[in-house]
Each structure stands twice: as structure tokens, then as C-alpha cells.
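Commentary on secondary and tertiary structure
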Amino acid sequence: MRTAMQIKPATPADVQTVRDIVCAAYAKWVPIIGREPLPMRADYEHALRHHSIDLLHRDGDVIALIQTIPNPDHLFIENLAVAPPHQGQGLGRHLLAHAEQKAQAAGLPEIRLLTNSAFDANIHLYQHVGYRIDREEPFMGGTTVYMGKKMTSS
């Protein structure tokens, strides 16, 4: 029997856990785009000091995370990563809903993110939960897809 999931803010002690989850989650994309996706090379010590990273815990283990950056007119999702053994269980949707709650609590009218056009499963997930494609731009031999979702007033 699984215990309830909890979302908790990451602390400096979680840097290696964050890095490990991100690298494991993004590793599947390396052969598709021919390089490490940028989140695999990010400085997570810096990110923990300047961004919000929330960890999804289940049964005492960190199994996913979402990294967000508040801006004056939107909440930016810098990163969403689910450990490979836990992918396909709705955890990405759970964390996206968490980001929506954060945006609404902060009075921000929109959430934005970007992804690689080769990450078709990610684009499908985002569109399924209401994100729209705003624009696409060439980047490092591929295409960056900019997406957003307007928050509804409650």
C-alpha cells in the first residue's frame, strides 16, 4: 500500500537528489536530440538559491520535481522531471496542478514553459492539460516550443 504523496520545498541538502532525478528523467532524450538537454547541465545549487524547486515525495522517496520562477506577469516552469520508474503515473499532471495553485496564490494570470519539439510526449501532456503553443524558434539544431496557460479566476 502506498502512502500519500507530499510536495515539499527542496533544501540545499537536496541538490544531488534534484540533479539525479533530472539526469535520469532527461536521459531518454539524449539519443533523440543528439546531446544532453540543458536541464542535465544546469547548476542546481544556483537554482535552489534563486528559484523554487518543489519535490514530490512518495513512500519516503523523492520521485519527481518541479522548478518554477515567479515573474511579474506569469509563473515560469523551468523544469518538470519525473524519475523514470514513476513516469506515466500522472505525477507530471499532479505537479502541473501544483504550479497552477502557486500561480493563483501569487495572483499570476499565466503559466509559461518551453520544451524541445522532439519531446512530443511532453508537448502532448501540456496540451492535454490546457497549455497552448505560443511560438516555436530554432535552437541548437532543433526547435524550442514556447507554451502557456492562462489561469482562470475562481
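Scoring rules and cut-offs
- For every chain, the first residue of its written sequence is number 1, and the numbers climb from 1 along that sequence.
- The predicted origin of the model limits local features to residues at a pLDDT of at least 70 and limits the giving and counting of side-chain atom pairs to 80 or more, whereas totals for whole chains, interfaces and linings rest on all residues.
- Side-chain measures were taken over the full set of non-hydrogen atoms in the model, leaving aside hydrogen atoms and water.
- Both site types are read off a 1 Å grid over the protein atoms alone. A 1.4 Å probe that fits but cannot get out defines a cavity, while an open set with protein on both sides within 12 Å along at least five of seven lines defines a pocket; lining residues have an atom within 4 Å of a point.
- Grid points are joined across faces, edges and corners, and a volume is the space filled by probe spheres set on the points.
- Only DSSP runs of H or I covering at least 4 residues are called helices, and only runs of E covering at least 2 are called strands; the numbering of each starts at the N terminus.
- Each residue gets one of three labels, nonpolar for Ala, Val, Leu, Ile, Met, Phe, Trp, Tyr, Cys and Pro, charged for Asp, Glu, Lys and Arg, and polar for the others, Gly among them.
- At least two bridges found by DSSP between two strands are what make those strands a pair.
- Axis definition: a line fit to C-alpha positions, over the contact stretch in the case of helices; interaxial angles, taken between N-to-C directions, run 0 to 180 degrees.
- Any two rings among Phe, Tyr and Trp, with Trp reduced to its six-membered ring, count as a pair given centres within 6.5 Å; such a pair is stacked if its planes are under 30 degrees apart, edge-to-face if over 60, and tilted if neither.
- For every residue, the accessible area (1.4 Å probe, protein chains only) is compared with the maximum for its type, and the residue is labelled buried under 20%, exposed over 50%, or partly exposed between those bounds.
- Think of a salt bridge as a Lys or Arg side-chain nitrogen and an Asp or Glu carboxyl oxygen that are within 4 Å of each other.
- To define a nonpolar core, start from buried Ala, Val, Leu, Ile, Met, Phe, Trp, Tyr and Cys residues and group those joined through side-chain atoms within 4.5 Å.
- Only heavy atoms enter the contact rule, under which two residues are in contact if any of them lie within 4.5 Å.

What follows is about the layout of surface pockets. Looking at the largest pocket, its volume works out to about 980 Å³. Lining of the largest pocket is provided by 44 residues; of these, Tyr26, Leu80, Thr115, Asn122 and Tyr126 occupy positions nearest its centre. Listed by contribution, the elements that provide at least two residues to the lining of the largest pocket are helix H1 (15-26), helix H3 (44-50), strand E4 (75-82), helix H4 (91-105), strand E5 (110-116), helix H5 (120-128) and strand E7 (142-150). Residue contributions to the lining of the largest pocket peak at seven residues, all from E4. Looking at the lining of the largest pocket, its residues break down into 24 nonpolar, 15 polar and five charged.

This paragraph deals with the sheet that holds strand E1 (residues 6-9). Read across the open sheet, the seven strands follow the order E1-E2-E3-E4-E5-E7-E6; overall the sheet is mixed. Taken across any chain shown, the strands that pair with only one partner, and hence form the sheet edges, are E1 and strand E6 (132-139). Shown here is a sheet whose adjacent strand axes are inclined to one another by a mean of 25 degrees, direction ignored. Relative to E7, E6 is paired through seven bridges, and the arrangement is antiparallel.

What follows covers the packing of aromatic side chains. Summed over the entire model, instances satisfying the criterion amount to two aromatic pairs. With a centroid separation of 4.3 Å and 25 degrees between ring planes, the pair formed by Trp29 and Phe119 is classed as stacked. With Trp29 in the loop between H1 and helix H2 (30-33) and Phe119 in the loop between E5 and H5, this residue pair connects regions lying 90 residues apart in the sequence. Using a relative accessible area of 6% as the deciding quantity, one classes Trp29 as buried. Given the relative accessible area of 5%, Phe119 is considered buried.

With that settled, the discussion passes to the pattern of salt bridges. In the structure shown here, the tally under the stated rule is eight salt bridges. Ionic pairing is found between Glu100 and Lys149, a salt bridge with its closest N-O pair at 2.6 Å. Here Glu100, found in helix H4, pairs with Lys149, found in strand E7; they are 49 residues apart in sequence, far enough to count as distant. For Glu100, a relative accessible area of 19% gives the class buried. The partner of Lys150 in a salt bridge is Glu110, and the shortest N-O contact between them spans 3.6 Å.

Not every positive phi belongs to a glycine, and Asp59 is a case in point at roughly 55 degrees. Structurally, Asp59 can be placed in the loop between strand E2 (52-58) and strand E3 (61-70). With relative accessibility at 39%, the residue Asp59 sits in the partly exposed group.

It is worth spelling out the nonpolar core at this point. Counting residues in hydrophobic clusters, the biggest one holds 24 residues, and the most contacted among them are Ile77, Leu96, Ile111, Tyr126, Tyr131 and Met147. Per element, the largest residue contribution to this core is five residues, and it comes from H4. Those residues in contact with Ile111, other than ones at most four positions away along the chain, are Leu75, Ile77, Ala99, Glu100, Ala103, Tyr131, Met147, Gly148, Lys149 and Met151. Grouped together as the second largest cluster of nonpolar side chains are 17 residues, Ala10, Val22, Ile53 and Leu65 included.

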